[in-house]
Amino acid sequence: MKNSGLFCLLLASIVLGSCNKKSKDVEVKDVVEKPVTVQCYKALYETDTLELKVNTLKSGKITGEMVMKVLNKAKKVGKIAGEFRGDTLFVDYSFISGTDKALYKNPMALLKRGNELILGNGKIETYLGTSSFVKGEPIDFDNVKYKFTTVDCVDK
């Protein structure tokens, strides 16, 4: 009886030990993918300024950064992540606004026309804490404030 108890304890130790080894291997594989292309944009509207950096990854996914300085509102600094569907870039913009340390996340749609990206206006719904464009509702790219034009990328 004592031998079977020791055997079970030894077996449990081996199993738990092997689980730890597998998780360490997974951590090593999490490497940040380098972008294939990097493009920077700026949109100006009256006194508002939006700056956008778009990284295109080998997989076709898009990442980047955006800073929004809108008159009489807190500065928003954050990251974008998404993908192109046809000529429209759909991203989630995760940002911190002003001195508030809370993280916000909003969907955005940017239509690519030539060298411009046009920030569309669409109806957004929130379900279980996640915001998204309402399916079946059109996104307006004609009556907009922000049209991004390409600019040289400047590291700050």
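Rules and cut-offs
- Residues numbered from 1 in each chain as written.
- Predicted model: local features only at pLDDT ≥ 70, side-chain atom pairs only at ≥ 80, totals over all residues.
- Heavy atoms only, no water.
- Helix = DSSP H or I, 4+ residues; strand = E, 2+ residues; numbered from the N terminus.
- Buried < 20%, exposed > 50% of the residue type's maximum accessible area, 1.4 Å probe, protein only.
- Contact = heavy atoms within 4.5 Å.

Caption draft 1: Focus on unusual backbone geometry. Backbone geometry at Asn72 places phi at a positive 65 degrees, although glycine is not the residue there. For Asn72, the location among the structural elements is in the loop between β3 (61–69) and β4 (76–85). Although it is not a glycine, Leu128 adopts a positive phi angle of roughly 55 degrees. Tracing the sequence through the fold places Leu128 in the loop between β8 (124–127) and β9 (130–133). For Leu128, a relative accessible area of 74% puts it in the exposed group.

Caption draft 2: Looking closely at the side chain of Asn55. Within the secondary structure, Asn55 is located in strand β2 (residues 48–56). Residue class for Asn55 comes out buried when judged on its relative accessible area of 12%. If sequence neighbours within four positions are ignored, Asn55 has contacts with Pro35, Thr37, Val38, Lys61, Ile62, Thr63 and Gly64.

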